[in-house]
Protein chains: 2
Amino acid sequence: MKLSRFYMPTLREAPQDAEIASHKFLLRGAFIRKSASGVYTYLPLGYRVVRKIEQIVREEMDRAGAQEILMSAIQPKEIWEASGRWDRFGPEMFKLTDRHDREFCLGPTAEEYFTTLIKDEVKSYKQLPLNLYQIQTKYRDEKRPRFGINRAREFTMKDGYSFDLDREGMEVSYHTMYEAYEKIFNRIGLDYVIVQGDNGAMGGNMSHEFIALSDTGEGVIAFGGDYAATEEKAEVTYTVQDKARVDLTEVTTPGVTTIEELAAFLSVTAKDCLKAVDLMVAGEPVVVFIPGDRTLNMAKLEGYLGVPEHDILPMTTEQIEAMGSVEGFTGPMGIDARIIVDRSVTAMKNVIVGANKKDTHLQGASYGRDFEGEDGGDLLVVEEGDTVPNSDIAYAFRRGIEVGNIFQLGTKYSDALEATVLDENGKAQVIWMGSYGVGITRTVSAVVEQCHDEDGIIWPVSVTPYHVIITVVKNKDEAQMALGESLYNQLLDAGYDVLLDDRAERPGVKFKDRDLIGIPLRITVGKGAAEHRVEYSTRKAMDTVELHADELMARIKTDLEHYDE
Amino acid sequence: MKLSRFYMPTLREAPQDAEIASHKFLLRGAFIRKSASGVYTYLPLGYRVVRKIEQIVREEMDRAGAQEILMSAIQPKEIWEASGRWDRFGPEMFKLTDRHDREFCLGPTAEEYFTTLIKDEVKSYKQLPLNLYQIQTKYRDEKRPRFGINRAREFTMKDGYSFDLDREGMEVSYHTMYEAYEKIFNRIGLDYVIVQGDNGAMGGNMSHEFIALSDTGEGVIAFGGDYAATEEKAEVTYTVQDKARVDLTEVTTPGVTTIEELAAFLSVTAKDCLKAVDLMVAGEPVVVFIPGDRTLNMAKLEGYLGVPEHDILPMTTEQIEAMGSVEGFTGPMGIDARIIVDRSVTAMKNVIVGANKKDTHLQGASYGRDFEGEDGGDLLVVEEGDTVPNSDIAYAFRRGIEVGNIFQLGTKYSDALEATVLDENGKAQVIWMGSYGVGITRTVSAVVEQCHDEDGIIWPVSVTPYHVIITVVKNKDEAQMALGESLYNQLLDAGYDVLLDDRAERPGVKFKDRDLIGIPLRITVGKGAAEHRVEYSTRKAMDTVELHADELMARIKTDLEHYDE
């Protein structure tokens, strides 16, 4: 492609709201344009990168035995109601109504849709295992779309679903996808980790996330030894301390409503106090108790309760009073609410708890003797200083961008939608499913986050929009233009994707654009053109050498082969 | 792909609502599945055909200098309001609201969106001409979706837009696209005609439709000599008859409210009467007069009025009375309404017209003497017996499916959205545009309409999902399976798309499926397998020959090269 005709409106400056490198450089380099909040257009350069990533994903999915289909982006309400997710997704789901008042959503994912597709047509165990996928536009009406295509409301996703006769089959399919995902992200060249994921609204059991490491990532990963998990999921362990129980006594604590104030007032540490979190869960009062020095992990709580985020709200003052307490003094004894405790609370002795009356706490409270509560398992946010399960290795933390996820769904959706097959004995069996996602467009931004410098993007060869860019320094110079065109045609004939910068721009503009758009190999055709001498450099090393034009083809072949190493 | 693992749930019977061959065979052959009214899923076989057509379109667009981008499927309301099409599209447009109450539509087309995209970034005539396209999912909430993917509510379209400095530039871009479209439909192998189109809601000037001929098409084309046009657009000409004018006289016509009754009552022909069509156009009374023996062409009227279909309604009895007439007796004299006449009416003398009072008509009325009315140009539906413009060749009629259309938009959208560039003299000039569409998924159905027999589809090689199918007659027979697998691998290695039917099905089922899905070349591995002898046939000719396996590769190469001839 000749730049004089190419639609590549690069920008000197990125818009103010572009905070991270990928957002800035993808805008400045004319890869993307914003069409509305969280909604983007892919310009010619950007769409080439998207299609290269799609092709890698497609090849690895096909190689792993998955089959590509395309379902519609609009999905009927009924199937989402059957699984209970129509309401569960809440305002994150774009909804619409057709001219006959039938309701649809713009699919944020497609577990229900794929299950519905196969349920009447896969009737026998002989048709299993089956693995279907699509590469398609998805929609989530994010509360705060940001970081460009990293967290957009419209995005391209590969979503796939496996169907098996039993748990063992599902686990085999899951493992095959796990390996295919490793191949995909290895081929793209991302620096990534695989962590145990949080299931969130997906439900089900085992899951993994593929996370591209990046300081600008919105997710935090907790590491230690062989263990890695998202911050939401990372397990917090506790040790039981051997203490003699003391008696329960009431203490007056005037105006002391926070744990910090309480610890200071009584000259103890926050750890010696019990923190109450007063919540309304789907309209019912629930109080969660955790150690005073810790933070409640909402993702873990959602998982335990099995309700979505938007159904969990803080109690109002009135709601606290209605359950028989006073704001700032909630304790686990004598309230009219469901009580859930973090597992570590079940080992607590002699703690200070709210007395459910104004300006009053109780000292010396012990779980099992003075108060009870459902054991909610681990409900804490992991912290600096916590140790990895079954070891004394302290957690380390890094940020990252989730680019892939795989879930063992079990029979959640096939139960809800009644998808069964007949087994060898002619008995109906509910199908076991897995679901597998790759954020195609998010991967574009993750690559840029990992591959850039202050001047622009440094594309890996695997996904670069073009392999080589030839810059003709003076497009009015006949010898330069002739050599530029000749090299351009040679490289095209050899099968490379090539840009020829033949624009009537100042050399400085051309060089700046070249650095910005990040094409791996660069040929500069300048003064030496008459002698067929050119300058040659790579975007990665920025190391210019002078070469004879005849040496280029061999050099380019070798450099492209080794560039991503 | 081995059929034992391939997701190809063929059906013995098509659902009742599948009326035409493409709808039936695409469902039965497991190419598509219905997800909702007018909304389809593409199964593995079907999606391969879609992708092959996309690739042909992409290659020809790129070759013609167009550049591929991807815009979002959701489009903000504001840009549609700027062009006046938000209301104009009416109930055909799917609309939705985001969590912040901002309104969007699911794009039915993208003139406004592309214009908005380039308007702030294309600033100089030097950046023109520019031609951008996308291959994308589009939405129209059709009143009566039918015929499967032929008239669906969600469909894949290639839509492209050209941007030029002036009319001449637009015409050059238009001509380039005209030729690219010929290449596209020639490569696909469709039997098609190119006709002057109706602009409908698009506005603008010159346009052409590419129409695949098919008896099941919803559109009718009127032919004659070199002339071809859609039924909506085909010009109706008239001859002026030399008559002496007679005097105007009132005649009592009790209970005579239709042209047929009137002609019979007065012993004249329908041609001697003036037909009134009483309409409310965007709330205002309009009466259109045409010769009594003809039918008003609503598409032509819409074009003349410049309003959409849903803004044109028949008058109620009350509305007819409000303009000063009586239902069944409307005439062109003395009514309180806008009067529009078909051009042929301007030459009419001595006709019978309604008198705007009950049971009364007027005889001997002449245009220009007794009544006036805006000359609306040709407003008639073409009929058997009409002749092609400037000739005495009678029209012939054929049905067809619109698979492509190209429009010279002029400055309609660039005016509305203020898209200008500076010309050589630094003066702002409104950009001249063209728009170019290919119905990708509709083309799939058009190909099937043209290429099938009673047993199933007969894919052209250009878009076939697979080139060759190998049927192993008995999958338990070791020699047969070994030869089948060996041929399968040989053909894959040679770069062909191959299916191996290794299913444990009866031979009859396999043969029926093979005919149904329409793969061009067929190898049957049966009893002769031990001697490496196979049966070979083509889907088109169904002519079985016995060959030695060693002869196959050469035969397949030759046959594929000539199959589409």
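Placed above this text is the structure.
What this report covers is the structure whose coordinates are included nearby.

What counts and what doesn't
Residues numbered from 1 in each chain as written. Chains lettered and ligands numbered in written order. Predicted model: local features only at pLDDT ≥ 70, side-chain atom pairs only at ≥ 80, totals over all residues. Heavy atoms only, no water. Contact = heavy atoms within 4.5 Å. Buried area = accessible area lost by both parts, 1.4 Å probe. Salt bridge = Lys/Arg side-chain N within 4 Å of Asp/Glu carboxyl O. Least-squares fit on C-alpha atoms with pLDDT ≥ 70 in both. Pairing = 2+ DSSP bridges. Helix = DSSP H or I, 4+ residues; strand = E, 2+ residues; numbered from the N terminus. Axes fitted to C-alpha atoms, helices over the stretch in contact; angles between N-to-C directions. Buried < 20%, exposed > 50% of the residue type's maximum accessible area, 1.4 Å probe, protein only. Polar contact = N/O pair within 3.5 Å; in protein donor to acceptor, adjacent residues only side chain to side chain. 1 Å grid on protein atoms, 1.4 Å probe; cavity = no way out; pocket = protein on both sides within 12 Å on 5 of 7 lines; lining within 4 Å. Points joined across faces, edges and corners; volume = space filled by probe spheres on them.

## Focus: the interface of chain B and chain A
Okay, step 1: Contacts between the two partners involve 58 residues from chain B, matched on the other side by 58 residues from chain A.
Okay, step 2: In this assembly, chain B packs against chain A so that about 4700 Å² is buried in total across both faces, 55% of it on carbon and sulfur atoms.
Okay, step 3: Contact with chain A buries area across many residues of chain B, yet Tyr7(B), Leu70(B) and Arg99(B) alone supply 16% of it, more than any other trio.
Okay, step 4: In this assembly, chain B and chain A are joined by 4 salt bridges.

## Section: the relation of the copies chain B and chain A
Okay, step 1: Laying chain B over chain A is done by rotating through 180° and shifting 0.0 Å along the axis; what remains is an RMSD of 0.2 Å. Such a turn and shift between the copies fits a two-fold axis. When each C-alpha of chain B is compared by its distance to the rotation axis, Leu96(B) comes out closest, at 2.6 Å.

## What about the sheet that holds strand 18 (residues 351-354) of chain B?
By definition, the strands of a sheet pair up through backbone hydrogen bonds, in either a parallel or an antiparallel sense.
All names here are of chain B.
Okay, step 1: What the 3 strands build is an open sheet, ordered 13-19-18; its pairing is antiparallel. Strands at the two margins of the open sheet, each flanked by one partner only, are strand 13 (249-252) and strand 18. In this sheet, neighbouring strand axes are inclined to one another by 35° on average, regardless of whether the strands run parallel or antiparallel.
Okay, step 2: Summarising the sheet, strand 18 and strand 19 (residues 360-365) pair through 3 bridges and their orientation is antiparallel.

## Focus on unusual backbone geometry
Residues and elements named next belong to chain A.
Okay, step 1: The peptide bond linking Leu128 to Pro129 adopts the cis configuration, its omega dihedral lying at -5°.
Okay, step 2: Within the element layout of this structure, Pro129 appears in the loop between helix 5 (111-119) and strand 7 (130-139).
Okay, step 3: With a phi close to 55°, Ser267 is a non-glycine residue in the positive phi region.
Okay, step 4: Structurally, Ser267 can be placed in the loop between helix 7 (259-266) and strand 14 (274-281).
Okay, step 5: Residue class for Ser267 comes out exposed when judged on its relative accessible area of 66%.
Okay, step 6: Despite not being glycine, Asn350 shows a phi value in the positive range, around 55°.
Okay, step 7: Position of Asn350 among the secondary structure elements: in the loop between strand 17 (338-341) and strand 18 (351-354).

## Brief notes about the pattern of salt bridges
Okay, step 1: For the coordinates displayed, the defined rule picks out 70 salt bridges over all chains.
Okay, step 2: Across the pair Arg343(B) and Asp375(B) runs a salt bridge, and its minimum N-O distance is 3.0 Å. Of this pair, Arg343(B) sits in the loop between strand 17 (338-341) and strand 18 while Asp375(B) sits in strand 20 (residues 374-375); the two residues are 32 residues apart in sequence, bridging distant segments of the chain.
Okay, step 3: Taking relative accessible area as the criterion, Arg343(B) reaches 40% and is therefore assigned partly exposed.
Okay, step 4: For Arg503(B), the salt bridge goes to Asp513(B), with nearest N and O atoms at 2.9 Å. Taken together, the residues Arg503(B) in the loop between strand 28 (498-501) and helix 13 (507-517) and Asp513(B) in helix 13 connect sequence positions 10 residues apart.
Okay, step 5: On the basis of relative accessibility, which here comes to 12%, the residue Arg503(B) falls in the buried class.
Okay, step 6: One salt-bridge network, in which partners are shared between bridges, spans Glu59(A), Glu60(A), Arg63(A) and Arg187(A).

## A short note on the side chain of Ser83(B)
Residue and element names in this part refer to chain B.
Okay, step 1: Following the sequence through the fold, Ser83 ends up in helix 3 (residues 77-83).
Okay, step 2: For Ser83, a relative accessible area of 16% gives the class buried.
Okay, step 3: Looking at Ser83, its side chain comes within polar contact range of the main-chain nitrogen of Arg85, at 3.3 Å.
Okay, step 4: Once you skip the residues sitting within four places of it in the chain, Ser83 turns out to touch Glu112, Tyr413 and Ala416.

## Section: empty space enclosed by the protein
Okay, step 1: Using the criterion set out here, one finds 1 cavity of 30 Å³ or more in the structure.
Okay, step 2: As for the largest cavity, its lining consists of 35 residues, of which Ile135(A), Thr137(A), Ile135(B), Gln136(B) and Thr137(B) are closest to the centre.
Okay, step 3: Within the residue set of the lining of the largest cavity, elements represented by two or more residues are strand 2 (39-42), helix 2 (44-63), strand 7 and strand 8 (154-164) of chain A together with strand 2 (39-42), helix 2 (44-63), strand 7 (130-139) and strand 8 (154-164) of chain B.

## Here we look at the environment of Asp502(A)
Residues and elements named next belong to chain A.
Okay, step 1: Along the chain, Asp502 falls in the loop between strand 28 (498-501) and helix 13 (507-517).
Okay, step 2: Taking the relative accessible area as the measure of exposure, Asp502 reaches 9% and is therefore buried.
Okay, step 3: Sequence separation of Asp502 and Ala212 is 290 residues, and the distance between their C-alpha atoms is 37 Å.
Okay, step 4: Excluding residues within four positions of it along the chain, Asp502 makes contact with Lys2, Leu3, Ser4, Asn475, Met481 and Lys510.
Okay, step 5: A polar contact of 2.8 Å, which involves the side chain of Asp502, links it to the side chain of Ser4.

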